[in-house]
Amino acid sequence: MDRIDRKLLNLMQRDASRTNVDMADEVGLSPSSCLRRVQRLRKSGLIERIVAILNPAKAGRVIKAMVTVELKRHGEQHMRRFLEIACAEEAVSHAYAVTGATDVVLMLRLRDMVEFDALCDRLFRDQTNVARFFTMIVIRTAKEETALRL
């Protein structure tokens, strides 16, 4: 990856809807050279996917919460099973198996507390292998960035 690739990737991370001609002009390439570079970056897997980032509040997902989860039983099969169940929930935007005192961290985007209560019933009670969970409701977001520093 050279300087021009980094410029292209930074442009795309800020606004992937820019035209190829616009990006080519910005980095000083012909449109065909720019297109070949972007295609190469996609083929290499460096560009994993191109998505639209929605405004959660306008999409009806006004509550952001983080939940730490401690499992009763440990081991790969128990972790995998819980993560499968969690990832099937539409309110779960991120799910991480982590090290330390906590086993799993979930990031949620919720419509309301009624949805959260129902999610708690499905994920954290009865037969879900959860020993305990702790919820933090986000009151202010200081930084939430999708772009990677190159």
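In what follows, the structure referred to is the one given above.
Q: With reference to specific residues and values, describe the sheet that holds strand S1 (residues 63–71).
A: An order of S2-S3-S1-S4 is seen for the four strands of this open sheet, with the pairing classed as antiparallel. Looking at which strands have only one partner, the edges of the open sheet turn out to be strand S2 (92–97) and strand S4 (130–137). Across the sheet, the mean angle from the axis of one strand to that of its neighbour is 15°, orientation sign disregarded. Relative to S4, S1 runs antiparallel, the two being bridged by seven bridges.

Q: So what's going on with the layout of surface pockets? Residues and values would help.
A: Of the pockets and cavities examined, the largest pocket occupies roughly 1,400 Å³. Along its surface, the largest pocket is lined by 36 residues, and Arg49, Val51, Ala52, Ile53 and Thr146 are the ones closest to its centre. Residue assignment for the lining of the largest pocket shows that the elements contributing at least two residues are helix H1 (3–14), S2 and strand S3 (104–110). Residues of the lining of the largest pocket, tallied by class, amount to 20 nonpolar, six polar and ten charged.

Q: Account for the environment of Val138, naming residues and giving values.
A: Locating Val138 in the fold gives a position in the segment after S4. The partly exposed category is assigned to Val138, whose relative accessible area is 22%. Here the alpha-carbon distance between Val138 and Lys64, two residues 74 residues apart in the chain, equals 5.5 Å. When residues no more than four places from it in sequence are discounted, the contact partners of Val138 are Lys64 and Met66.

Cut-offs and rules
- Residues numbered from 1 in each chain as written.
- Predicted model: local features only at pLDDT ≥ 70, side-chain atom pairs only at ≥ 80, totals over all residues.
- Heavy atoms only, no water.
- Pairing = 2+ DSSP bridges.
- Helix = DSSP H or I, 4+ residues; strand = E, 2+ residues; numbered from the N terminus.
- Axes fitted to C-alpha atoms, helices over the stretch in contact; angles between N-to-C directions.
- 1 Å grid on protein atoms, 1.4 Å probe; cavity = no way out; pocket = protein on both sides within 12 Å on 5 of 7 lines; lining within 4 Å.
- Points joined across faces, edges and corners; volume = space filled by probe spheres on them.
- Nonpolar A, V, L, I, M, F, W, Y, C, P; charged D, E, K, R; others polar.
- Buried < 20%, exposed > 50% of the residue type's maximum accessible area, 1.4 Å probe, protein only.
- Contact = heavy atoms within 4.5 Å.

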